[in-house]
Amino acid sequence: MEKIFKYLVLTITLTLLSVRTDAAGLGENSRVSLLTCSPGTEVWSNYGHTALRVCDPDTGLDVCFNYGIFSFSTPHFIWRFCTGETDYIVGAQNTDSFIEEYVREGRGVTEQVLNLDLASKNEMWNALCVNIQPQNRTYRYNFFYDNCATRVRRMIENHCGNVVEYLGDAPFTTMREAVEYYTEDYPWTRFGISLVLGAPADSPASYTDQMFAPEVMMDAFDSAVIGGEPLVLSRQTLTECRELHSSQTSLPSPDLVLCIIFAVCAFVSGIELQKKKRFRAVDGILWGIAGLAGTVIAFLALVSEHPATDPNYLLIWLDPLALVYAIALCFRKFRNSRAADFVQIVFLPFVLFALAGFFFLPQTFHTALIPFNLSLLFRCVLAVVNSLNRSGHRKHLK
């Protein structure tokens, strides 16, 4: 909240300053720069950050415009984030203060001075001052298509006086590839995001779409041209990036955890077949996990406004009904009469289809899901075998 207050105070100051600057305009020595901040260790900072810097040595003006301001204390923030209804604001901050924040975090800041004529600089300055007005500064955030980087890119493209051409090669094929690259050192974050991203994240992504990632946009600007001239006049490092360490690297990976679950399920299933017993708690825990995951995925795919979560083919087998089944196992009557039928009709066909679907469905799945799928398949097959054994035993008694 203190940071947001500082942004708003400086925004008011800039509003007053813009009135004075409109008359005289920015000076000949002024410059507009793209600032790119290297990734951090927090979930929301894994992809880096982008800001616009306007500097005029003749007037002492040196401010950054930041489209990435949000507050966890906003009413219903978690709910709105899950439904894709998070609002961000744009604010202005003294450049030295902006850079100091990243120095403390050990993150690098790179500046690219843009090749703009004086008219374009003034046009962009005026547009930014209008953008930070109270009635204009709030926007509906979208992780891929409307974030701190895409807002800055569009601001530059709309007010640079000519068409920007991006001549470089896109580093990724899909949005999912970009996400996996930037979360490589955060295995559990990567696993969680892979669950909720649906098939749209695996569609071919244009170069400009991939610029949702600030470092991709920075590299794209290096090779971009405007009116036949380079878009970037110069590039310099304002602060170096230190080596950052993720706490997630000390945890067992999702692949290892789910392989252990598979091994436990296989071991328990072998004991059950040998001793003709059922450990219903194993089924309850396993299907409960699948049901909880399916509920979250279904919510994000069917209810939220996130554009890359629907359709999600994981819902074929991570079914919210699995949670109902896990709860129903607490009741003996259901366990003895309906549980096996439920598995054979509702779960087994879809678990088998999903296992084959790893190879042909138009969506990339995390490798850790394979042992978890096999765990569910083991329990499904065991339930069918036990059901057949009971049926055969009843016929023998008759």
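Everything discussed here concerns the structure shown above.
Keep in mind it's a predicted model, so treat the numbers as computed, not measured.

Participant: Please explain the overall build of the chain as it appears in this structure.
Facilitator: Regarding its fold elements, the chain presents 15 helices and 10 strands. Put simply, 78% of the contacts in the chain that link residues at least 6 apart link residues at least 24 apart. A total accessible area of about 19600 Å² is found for the chain, and carbon and sulfur atoms account for 60% of it.

Participant: Would you take a moment to explain the side chain of Arg53 for this structure?
Facilitator: One can find Arg53 in strand S2 (residues 49-56). Residue Arg53 is classed as buried on the basis of its relative accessible area of 8%. Only 2.8 Å separates the side chain of Arg53 from the side chain of Asp62, close enough to count as a polar contact. In this view, Arg53 contacts Arg31, Val32, Ser33, Leu35, Asp62, Val63, Cys64, Thr95, Glu111 and Leu238; residues no more than four positions away in its chain are not counted.

Participant: Just to check I follow, could you spell out the side chain of Ser269 for this structure?
Facilitator: Tracing the backbone shows Ser269 in helix H10 (residues 254-275). Side chain to side chain, Ser269 and Arg379 meet in a polar contact 2.9 Å long. Not counting residues within four places of it along the chain, the set of residues in contact with Ser269 comprises Phe378, Arg379 and Leu382.

Participant: Could you clarify how one ought to interpret the nonpolar core in this entry?
Facilitator: General note: in soluble globular proteins, nonpolar side chains tend to be found buried as a group. The biggest cluster of nonpolar side chains holds 53 residues, and the ones touching the most others in it are Leu52, Phe65 and Phe221. Contacts of Leu52, omitting those with residues within four sequence positions, involve Val32, Ser33, Val63, Cys64, Phe65, Met124, Leu128, Val152, Met155 and Ile156. Residues Cys265, Ile297, Val343 and Phe372 belong to the second largest nonpolar core, which totals 35 residues.

Participant: Any chance you could explain the pairing of strand S1 (residues 31-37) here in plain terms?
Facilitator: Consecutive residues of a regular strand have side chains that alternate between opposite faces of the sheet. Across the seven residues that make up S1, a large majority, six, are buried. Looking at chain direction, S1 and S2 are connected through seven bridges and run antiparallel. Bridge pairing in S2 places Val32 opposite Val54. Looking at chain direction, S1 and strand S5 (residues 109-114) are connected through five bridges and run antiparallel. Bridging from a neighbouring strand, Leu34 pairs with Gln112 of S5.

Participant: Even after reading the chapter, I still don't get helix H6 (residues 175-182), so can you show me in this structure?
Facilitator: Each full turn of the α-helix corresponds to 3.6 residues, which orients residues three or four apart in the same direction. Taken residue by residue, H6 has Met175, Arg176, Ala178, Val179 and Tyr182 as its buried positions. Down the axis of H6, the buried set is contained in an arc of 160°. They therefore lie on one face. Residues of H6 that are buried in the fold lie against helix H7 (187-196), helix H8 (207-210) and helix H9 (214-223).

Participant: Please clarify how the sheet that holds S1 should be interpreted in this entry.
Facilitator: The strands making up a sheet are joined through hydrogen bonds of the backbone, oriented either antiparallel or parallel. Spatially, the seven strands line up as an open sheet ordered S6-S4-S3-S2-S1-S5-S10, and their pairing is antiparallel. The two strands at the open ends of the sheet, each matched to only one other strand, are strand S6 (138-140) and strand S10 (232-239). In this sheet, adjacent strand axes meet at a mean angle of 25° when their direction is disregarded. Helix-sheet contacts for helix H3 (residues 95-105) involve S1, S2, strand S3 (61-69), strand S4 (87-94), S5 and S10, and the interaxial angle to S4 is about 110°. Sheet contacts for helix H4 (residues 118-131): S1, S2, S3 and S4; angle to S3, the most-contacted strand, approximately 50°.

Participant: I keep staring at the sheet that holds strand S7 (residues 164-166) and nothing clicks. Help me out?
Facilitator: One open sheet holds the three strands; their spatial order is S7-S8-S9, and the pairing between them is antiparallel. Only two strands of the sheet have a single partner each, and these edge strands are S7 and strand S9 (229-230). Relative to strand S8 (residues 224-226), S7 runs antiparallel, the two sharing three bridges. Counted as the bridge partner of Tyr166 is Ala224 from S8. The sheet contacts of H9 involve S7 and S8, and relative to S8 the element is tilted by about 55°.

Participant: Any chance you could explain the pattern of salt bridges here in plain terms?
Facilitator: Once the charged atoms of two side chains with opposite charge are near each other, the side chains can pair. In the structure shown here, the tally under the stated rule is 15 salt bridges. One salt bridge in this structure joins Glu111 and Arg31, with 3.8 Å as the shortest N-O distance. Residue Glu111 is found in strand S5, and its partner Arg31 is found in strand S1; the two are separated by 80 residues along the sequence. Accessibility expressed as a relative area gives 26% for Arg31, which makes it partly exposed. Among the charged side chains, a salt-bridge network with shared partners connects Arg31, Arg53, Asp62 and Glu111.

Participant: I would appreciate a short explanation of a nonpolar patch on the surface in the present structure.
Facilitator: Together, Leu256, Ile260 and Val264 line one region of the surface with nonpolar side chains, adding up to about 260 Å² of accessible area. Mapping Val264 onto the fold places it in helix H10. A relative accessible area of 43% means that Val264 is categorised as partly exposed.

Participant: Is there a simple way to explain the packing of aromatic side chains in this structure?
Facilitator: Here the distance between the centres and the angle between the planes together describe a pair of aromatic rings. Tallying each qualifying case throughout the model produces 31 aromatic pairs. Consider the rings of Tyr67 and Tyr139, whose centres lie 6.3 Å apart with planes at 65°: the pair is edge-to-face. Here Tyr67, found in strand S3, pairs with Tyr139, found in strand S6; they are 72 residues apart in sequence, far enough to count as distant. For the residue pair Tyr67 and Tyr139, the accessibility class agrees, reading buried in each case. Aromatic side chains Tyr325 and Phe334 sit 5.8 Å apart centroid to centroid with 70° between the ring planes, which places their arrangement in the edge-to-face category.

Participant: Sorry, what's going on with H3 here?
Facilitator: Along H3, the positions that sit buried rather than exposed are Thr95, Phe98, Ile99, Glu101 and Tyr102. All buried residues of H3 fall inside an arc of 145° around its axis, so they share one side. Opposite its buried face, H3 presents the exposed residues Asp96 and Arg104, each directed more than 90 degrees away. Two to three positions downstream of the cap, the backbone nitrogen of Asp96 sits 3.0 Å from a side-chain oxygen, assigning the N-cap of H3 to Asn94. Phi for Gly106, located one or two positions after H3, is positive at around 75°.

Rules behind the numbers
- Here, residues in each chain are numbered from 1, in the same order as that chain's written sequence.
- The predicted nature of this model means local features are confined to residues of pLDDT at least 70 and side-chain atom pairs, given and counted, to a pLDDT of 80 or more, with totals for whole chains, interfaces and linings taken over all residues.
- For the side-chain quantities, the full set of heavy atoms in the structure was used; hydrogens and water were omitted.
- Counting from the N terminus, the helices are the DSSP runs of H or I reaching at least four residues and the strands are the DSSP runs of E reaching at least two.
- Here, two residues are considered to be in contact whenever any of their heavy atoms come within 4.5 Å of each other.
- The accessible surface values rely on the Shrake-Rupley method and a 1.4 Å probe; as for residues, cover is taken only from the protein chains in view.
- The classification of residues rests on relative accessible area computed with a 1.4 Å probe and restricted to protein chains. Under 20% of the type maximum is buried, over 50% is exposed, and intermediate values are partly exposed.
- By the criterion applied in these results, polar contacts are pairs of N or O atoms within 3.5 Å in which, for protein atoms, one can donate a hydrogen and the other can accept it, and in which residues neighboring in sequence qualify only through two side-chain atoms.
- Here, nonpolar core means buried Ala, Val, Leu, Ile, Met, Phe, Trp, Tyr and Cys residues that are tied together by side-chain atoms lying within 4.5 Å of each other.
- Following DSSP output, two strands are said to pair if at least two bridges run between them.
- By definition, the arc is the one covered by directions from the helix axis to the C-beta atoms.
- Lines are fitted to the C-alpha atoms to define the axes, a helix being fitted only along its stretch in contact, and any angle between axes, read from their N-to-C directions, falls within 0 to 180 degrees.
- When a carboxyl oxygen of Asp or Glu lies within 4 Å of a side-chain nitrogen of Lys or Arg, that pair is called a salt bridge.
- Distance thresholds for patches are 9 Å for like charges and 5 Å for nonpolar side chains (Val, Leu, Ile, Met, Phe, Trp, Tyr), applied to residues having over 30% relative accessible area and no salt bridge.
- Within 6.5 Å between ring centres, the rings of Phe, Tyr and Trp (the latter by its six-membered ring) count as paired, and their orientation is classed by plane angle as stacked under 30 degrees, edge-to-face over 60, tilted in between.

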